[in-house]
Amino acid sequence: SNFFSLHSGLVEDEKTKEMNSSLMIRRFFCFKGPATSSTTPSAFSVSRKKPLVFLGSPQVSVNVLDALFNASSSPDSIFEVAAIVTQPPSRRDRGRKVLPSPVAQYALDRGFPADLIFTPERAGEDAFLSNLRALQPELCITAAYGNILPSKFLNIPPMGTVNIHPSLLPLYRGAAPVQRALQGGAKETGVSLAFTVRALDAGPVIAREKMEVDDQIKAPELLVLLFSEGSELLIRELPSILDGSARVKAQPQDDSKATLAPKITTEESWLSFDEEAVVLHNKVRAFAGWPGTRAKMAVVDDRNGQQSIVELKIITTRVCPNIQTNEVDGITFKKDALVVPCGECTALEVLEVQLPGKKAVSAAAFWNGLRGQKLKVL
């Protein structure tokens, strides 16, 4: 049985009633922070604070939950984290062990009650919604939760559901806003705090924060920065959200300016060196973490004419405007980089690569390993 998930038999009426009753009692207790020991209930005390439910799953969501925990423990806080909703456990890491989501693991480590961490397969499950109603949350907060929220979920919290979205809405609505912004070469992005509606990322915007985009930053690092900024934005705006004034001041989005950020697929990870170097560089940055970017190259031995194909994961790249090449397919090595000829007579400098099943290495280490053999673009 899953230690951190709700009881597996919730679909049975009697168990559902029993849990509802339990949750009605539990909602009068406020989470203050990490327990001092496993046997001391002093971390929880009777409270009339407004209960909110947090929904999030990956590591970047942990920043937001941490900010909520810290703010709720303040003596003058007007809210409590009443429950957490996250993705079910999944197989991760090299051992392929079934592990709780990063948010669930963090909450457990902080001493948050395991029976108040919900892990439904879908947010529209009747048993889950029944238990959510029993908590009577004033507000729900989402940050990279990863599940679609149906109307019957959105109708539960009277103050609505607010989402931290890592883009300047209405730009980059969808599953991969940071990745698509980097892929498109965006020089500026940001984070938006918006009410959730049934239409994808289309709700009124409460507040935004802009951020300049460095031309070397990768998606995982930018995600951390944006959700960290989003955490501060959320804590700053929570009083207005809870007293209803945020609903009045929130600005409707201009749908005519909306752009989409569809989910990334593994098929997109291949690089085509017919494209310009800057296009490939932006793709490498955007797809860093997952799914990564891959390229097939030919290793040619001039001594016997033999050729073998290698599949490389391209980890880190750089584009220098003053480096151009008239090479058609030959890859050279200069200073610390493999110089790969690309479309429009441009060149991509590859600084770090990874062979299948191996660790990532510098371009210099990879080049030395060729032992004089030539490398060509396919």
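Residues numbered from 1 in each chain as written. Predicted model: local features only at pLDDT ≥ 70, side-chain atom pairs only at ≥ 80, totals over all residues. Heavy atoms only, no water.

As named in an unreviewed UniProt entry, the chain is Methionyl-tRNA formyltransferase, mitochondrial, taken from Citrus sinensis. Recorded under Sequence similarities (unreviewed entry), the UniProt text for the chain is reproduced unchanged: "Belongs to the Fmt family." (UniProt positions renumbered as here; feature names shortened; annotations may be inferred.)

Novice: Tell me about the nonpolar core, and name the residues and values.
Specialist: Soluble globular proteins tend to pack their nonpolar side chains together in the buried interior. Counting 69 residues, the largest nonpolar core has Leu65, Leu68, Leu139, Phe153 and Leu238 as the members making the most contacts within it. Residue contacts for Leu65: discarding those within four places in its chain leaves Phe54, Val81, Ile84, Val103, Tyr106 and Ala107. (Core = buried A, V, L, I, M, F, W, Y, C linked by side-chain atoms within 4.5 Å. Buried < 20%, exposed > 50% of the residue type's maximum accessible area, 1.4 Å probe, protein only. Contact = heavy atoms within 4.5 Å.)

Novice: Pulling in residues and values, what's your account of the pairing of strand 4 (residues 79–85)?
Specialist: Most of strand 4 sits inside the fold, with 7 of its 7 residues counted as buried. Examined bridge by bridge, strand 3 (residues 50–56) and strand 4 share 6 bridges and lie parallel to one another. Bridge pairing in strand 4 places Val53 opposite Ala83. Each parallel crossover has a hand, and for strand 3 linked through helix 2 (residues 59–72) to strand 4 it is right-handed. Of the pairings in the sheet, the one linking strand 4 to strand 7 (residues 117–118) comprises 2 bridges and is parallel in character. In the sheet register, Val85 faces strand 7, and the bridge partner there is Phe118. (Helix = DSSP H or I, 4+ residues; strand = E, 2+ residues; numbered from the N terminus. Pairing = 2+ DSSP bridges. Right-handed = clockwise from strand over helix to strand, strands pointing away.)

Novice: Explain the pattern of salt bridges residue by residue, including any values.
Specialist: In total, this model carries 12 salt bridges according to the counting rule given. Across the pair Glu209 and Arg236 runs a salt bridge, and its minimum N-O distance is 3.4 Å. With a gap of 27 residues between them, Glu209 in strand 11 (residues 205–212) and Arg236 in helix 7 (residues 219–242) connect regions that are remote in the sequence. What makes Glu209 partly exposed here is its relative accessible area of 23%. By relative accessible area, which is 51% here, Arg236 ends up exposed. Salt bridges sharing partners connect three or more residues here, namely Glu209, Arg236, Glu237 and Lys249. (Salt bridge = Lys/Arg side-chain N within 4 Å of Asp/Glu carboxyl O.)

Novice: Let's hear about the environment of Trp367: which residues, and what values?
Specialist: Along the chain, Trp367 falls in helix 10 (residues 363–369). We classify Trp367 as partly exposed; its relative accessible area is 25%. It is 9.8 Å that separates the C-alpha atoms of Trp367 and Asp336, two residues lying 31 residues apart in sequence. When residues no more than four places from it in sequence are discounted, the contact partners of Trp367 are Ile331, Thr332, Phe333, Leu338 and Leu375.

Novice: An account of helix 2 is requested, with residue identities and associated values reported.
Specialist: With 14 residues, helix 2 should reach 20 Å at 1.5 Å per residue; the first-to-last C-alpha distance of 20 Å fits that figure. A large share of helix 2 lies buried, amounting to 10 of its 14 residues. Buried within helix 2 are the following residues: Val60, Ser61, Val62, Val64, Leu65, Ala67, Leu68, Phe69, Ala71 and Ser72. (Expected span 1.5 Å × (residues − 1).)

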